[in-house]
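Chain by chain, the residues run as shown.
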There are 2 protein chains.
Amino acid sequence: MIYIGIDLGGTNIAAGAVSEEGRILAQASVPTGAQRPWREVIRDMAEVSLKAVEASGHSLDDVASVGVGVPGYADPDTGVVVFCTNLGWHDVPLREELEGCLHKPVYADNDANVAGFAEARAGVSRGTHSSVFLTLGTGVGGCFIIDGKIWYGAHKVAGEMGHVIYNFDGEPCTCGATGCFERYASATALIRIGKEALARHPDSVLAAKKETLTARDVVDAARTGDAAACEAFDAYTTHLANGISSFINVVDPEIFVLGGGVSKAGAFLLDPVRRKVEESRFYKTLPFPRIELSELGNDAGIIGAALLGTV
Amino acid sequence: MIYIGIDLGGTNIAAGAVSEEGRILAQASVPTGAQRPWREVIRDMAEVSLKAVEASGHSLDDVASVGVGVPGYADPDTGVVVFCTNLGWHDVPLREELEGCLHKPVYADNDANVAGFAEARAGVSRGTHSSVFLTLGTGVGGCFIIDGKIWYGAHKVAGEMGHVIYNFDGEPCTCGATGCFERYASATALIRIGKEALARHPDSVLAAKKETLTARDVVDAARTGDAAACEAFDAYTTHLANGISSFINVVDPEIFVLGGGVSKAGAFLLDPVRRKVEESRFYKTLPFPRIELSELGNDAGIIGAALLGTV
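Residues numbered from 1 in each chain as written. Chains lettered and ligands numbered in written order. Predicted model: local features only at pLDDT ≥ 70, side-chain atom pairs only at ≥ 80, totals over all residues. Heavy atoms only, no water.

Things to note about the overall build of chain A
Then, in step 1: Helix and strand counts for chain A stand at 9 helices and 13 strands.
Then, in step 2: Against the compact-globule benchmark of 19 Å for 311 residues, chain A has a radius of gyration of 20 Å, which places it among compact chains.
Then, in step 3: The buried share of chain A, taken over its 311 residues, is 58%.
Then, in step 4: Within chain A, contacts between residues separated by at least 24 positions form 61% of all contacts whose residues are at least 6 apart in sequence.
Then, in step 5: Of the roughly 12,000 Å² of accessible surface on chain A, a fraction of 49% belongs to carbon and sulfur atoms.
Then, in step 6: Treating the 26 positive side-chain charges of chain A as one cloud and the 39 negative ones as another, the clouds have centres 3 Å apart. (Helix = DSSP H or I, 4+ residues; strand = E, 2+ residues; numbered from the N terminus. Rg over C-alpha atoms; globule rule 2.2 N^0.38 Å. Buried < 20%, exposed > 50% of the residue type's maximum accessible area, 1.4 Å probe, protein only. Contact = heavy atoms within 4.5 Å. Areas by Shrake-Rupley, 256 points an atom, 1.4 Å probe, with all protein chains shown as cover. Lys, Arg positive; Asp, Glu negative; His and termini not counted. Charge placed at Lys NZ, Arg CZ, Asp CG, Glu CD.)

This is the structure we're talking about:
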């Protein structure tokens, strides 16, 4: 049997036909057209899924189940998308509607949960007893996995590591709280910190890109030794390491997996973060979690969604 | 069979003979004499245990095992007390030594783990699937429990909720880090915040106790409407609620249990904390954990230690 995994994004819907081991056999995508009624978007999710299955040389008869990763809150028990701000969805019965189109069991979950699950089943944290996945993108998504299963918590609201309060009187967060971890450890945070450093070093190479500055610009400039960028990236890796040390103090997983845009900085990110976690953790002489980069990258969305049906 | 539970404190050693259901049948205590060599302290632990067993009308033949709660880090697998600053202990082979005295299996664990475990087995969180225990004392201890078992983490360093970073550029912590949660949510923190409020309200009733101010003084004065104490207690409950909301975002337990000195404030603490967690949590429209006061109070140390042998 094969599994359909759908990565529902604000811009594109990507669907893949995935093997039981988590290998993408074929994929297809289509623009989301998020402004349309949700029924039309879900109909396109079904169509693009069929295209991916066909491209893999299989038919719908070979498909065991369909999983969807949603950039919002999907109830894993009911398959209802409770909120999805990017798409303007509220209480959308995704499972019911997509099962009506494809006549297969449908699973839905938050996109960070899905990506962390993919890594734990088919990526860098495969075979571990426990892992925490952090996606460093526009915000910071998280996922805590025990024995290959997502830890949803008692009310299915666990894994929002981005909204742990890290600086209670600090930066206002889009969630309404103040000082959330994602205000210090997301790609968005790296841009803000970069702009603050630029104000102190107006001769930085970042000055030319000030209005359109990206997290990647800051990373690239830091690699060349630009003072503002180095200062910003150093502050950023300190915040990320502090957060990881905090999460060790709560759940102490076997491994942390870093995904999302900022993780593309590779060893340039990983080396200082590992060093700073080693320095900042509470029990300085005891062993502590490995910290690794995600292995599946953008494919984690499709793979994790597909594998939701294998639990 | 009965179980011996020992609460090893910096001042006293309290031992209890405990039933399988977690009821203390009899207890005895002796001063710790922490300045003595550890062998002498452990010999006294054995003697006071025998007294408690005798007082319960049982003999050592009725004892299944012995558990010890330690105000420091005890490795639950080896029974070695790795650090215990209060007693000046470092790598003390507690299990080996106490087994040599009592000829029964010995279990050792951190005192906050033991108290949280007691509540989950015989107290307010009994029968829950998951719980987080927070002890609000000199510091903030923590414990995360799943299915009636302490979640130690992959490296046995989980449950240090007091050292989650809550204000990264804030108050220096005794652990060497900055802005740890316990600097804002412990009894010690309530005293500091009370003194800060007193500086803004010099006519407060707290002024008379300035040098010897306790957390209880601040709570008592807040109950009478004293402006400085009310301001301090309001800030304190906000910090505690923010921390609880953060821990919901990571693990979302079925219930939080508040123990330690500050929890003696009862409903005066619980009411604002519940209200503020409801207001500050991330998913405002979804269900969230119950928050309750510990039920076993000071007995949790003996009961939880005794029940370590029943897992």
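Okay, back to it.
Things to note about the interface of chain A and chain B
Then, in step 1: Every contact between the two is made by 46 residues of chain A and, on the other side, 46 residues of chain B.
Then, in step 2: Each partner contributes to the roughly 4,000 Å² buried at the junction of chain A and chain B, and carbon and sulfur atoms together form 67% of this total.
Then, in step 3: Ranking the residues of chain A by area buried against chain B places His155, Val250 and Tyr283 of chain A at the top, with a combined share of 17%.
Then, in step 4: Linking chain A to chain B there are 28 residue pairs in polar contact (both at pLDDT 80 or more).
Then, in step 5: Elements that contribute at least two residues to the side of chain A that touches chain B include exactly strand E6 (81-84), strand E10 (140-146) and helix H7 (227-250) of chain A.
Then, in step 6: Here the side of chain A that touches chain B gets 7 residues from one element, more than from any other, and that element is H7 of chain A. (Buried area = accessible area lost by both parts, 1.4 Å probe. Polar contact = N/O pair within 3.5 Å; in protein donor to acceptor, adjacent residues only side chain to side chain.)

Remarks on the packing of aromatic side chains
Then, in step 1: Here the structure, examined in full by the defined rule, presents 24 aromatic pairs over all chains.
Then, in step 2: Aromatic side chains Phe233 of chain B and Phe268 of chain B sit 4.9 Å apart centroid to centroid with 10° between the ring planes, which places their arrangement in the stacked category. You can see Phe233 of chain B sitting in helix H7 (residues 227-250) and its partner Phe268 of chain B sitting in helix H8 (residues 267-280), a full 35 residues away along the chain.
Then, in step 3: Judged by its relative accessible area of 5%, Phe233 of chain B falls in the buried class.
Then, in step 4: For the cation-ring pair, Arg192 of chain A lies above Tyr184 of chain A, with the distance from its terminal atom to the ring centre recorded as 5.2 Å. (Phe/Tyr/Trp six-rings, centres within 6.5 Å; stacked < 30°, edge-to-face > 60°. Lys NZ or Arg CZ within 6 Å of the ring centre and 35° of its normal.)

Overview of the packing of helix H5 (residues 187-200) of chain B against H7 of chain B
All names here are of chain B.
Then, in step 1: The geometry of H5 relative to H7 is characterised by a closest axis approach of 8 Å and an angle of 140° between their N-to-C directions. If you check the angle between H5 and H7, you find them oblique. The way H5 lies across H7 gives a crossing that is right-handed. Every residue of H7 that contacts H5 at Leu190, Ile193, Gly194, Ala197, Leu198 and Arg200 is listed here: Ala228, Glu231, Ala232, Phe233, Ala235, Tyr236 and His239.
Then, in step 2: Class assignment of the residues belonging to the contact of H5 with H7 gives a composition of 9 nonpolar, 2 polar and 2 charged. (Axes fitted to C-alpha atoms, helices over the stretch in contact; angles between N-to-C directions. Parallel < 35°, antiparallel > 145°, perpendicular 65-115°, else oblique. Left-handed = near helix turned anticlockwise from the far one by under 90°. Nonpolar A, V, L, I, M, F, W, Y, C, P; charged D, E, K, R; others polar.)

Here's the deal with empty space enclosed by the protein
Residue and element names in this part refer to chain B.
Then, in step 1: Scanning the model with the defined rule gives 6 cavities of 30 Å³ or more in all.
Then, in step 2: Taken as a whole, the largest cavity spans an internal volume of roughly 100 Å³.
Then, in step 3: Along its surface, the largest cavity is lined by 13 residues, and Tyr73, Asn110, Asn113, Lys156 and Ala158 are the ones closest to its centre.
Then, in step 4: Elements with a minimum of two residues in the lining of the largest cavity: strand E5 (73-74) and strand E8 (106-110). (1 Å grid on protein atoms, 1.4 Å probe; cavity = no way out; pocket = protein on both sides within 12 Å on 5 of 7 lines; lining within 4 Å. Points joined across faces, edges and corners; volume = space filled by probe spheres on them.)

Digging into the sheet that holds strand E5 (residues 73-74) of chain A
Sheet strands pair by backbone hydrogen bonding; their relative direction is either parallel or antiparallel.
Residues and elements named next belong to chain A.
Then, in step 1: Here we have 3 strands laid out as an open sheet, ordered E5-E6-E7, and antiparallel in their pairing. Edge positions in the sheet fall to E5 and strand E7 (89-92), since each of these pairs with one other strand and no more.
Then, in step 2: Alignment of E6 against E7, held across 3 bridges, turns out to be antiparallel. Its bridge partner being in E7, Phe83 is matched across the sheet by His90. (Pairing = 2+ DSSP bridges.)

Observations regarding the environment of Val82 of chain A
Then, in step 1: Note on placement: Val82 of chain A falls in strand E6.
Then, in step 2: Sequence separation between Val82 of chain A and His129 of chain A is 47 residues; the distance between their C-alpha atoms is 30 Å.
Then, in step 3: The contact partners of Val82 of chain A, leaving out residues within four places of it in the chain, are Tyr73, Ala74, Asp75, Trp89, His90 and Asp91 of chain A together with Leu286 of chain B.

Points about helix H1 (residues 38-55) of chain A
Then, in step 1: With 18 residues, H1 of chain A should reach 26 Å at 1.5 Å per residue; the first-to-last C-alpha distance of 26 Å fits that figure.
Then, in step 2: Packed against the buried residues of H1 of chain A are strand E1 (2-8), strand E2 (12-18), strand E3 (24-31), strand E4 (63-70), E7 and helix H2 (94-102) of chain A. (Expected span 1.5 Å × (residues − 1).)

So, the pairing of strand E6 (residues 81-84) of chain B
All names here are of chain B.
Then, in step 1: The pairing of E5 with E6 spans 2 bridges and is antiparallel. Bridge pairing in E6 links Tyr73 to Phe83.
Then, in step 2: Where E5 folds back onto E6 in an antiparallel hairpin, the turn is made up of 6 residues, including Gly79, whose phi is positive at roughly 75°.
Then, in step 3: Counting the residues in the hairpin turn of E6 and strand E7 (residues 89-92) gives 4 residues, including Gly88, whose phi is positive at 65°.

With respect to helix H3 (residues 111-122) of chain B
All names here are of chain B.
Then, in step 1: Helix length check: H3, at 12 residues, gives a terminal C-alpha distance of 16 Å against a target of 16 Å (1.5 Å per residue), a fit within 8%.
Then, in step 2: With 10 of its 12 residues buried, H3 lies for the most part within the structure.
Then, in step 3: Of all the residues in H3, the buried ones are Ala112, Asn113, Val114, Ala115, Gly116, Phe117, Ala118, Glu119, Ala120 and Ala122.
Then, in step 4: The N-cap of H3, judged by a side-chain oxygen 2.9 Å from the amide nitrogen of Ala112 a few residues on, is Asn110.

None of this, on its own, says anything about what the molecule does.
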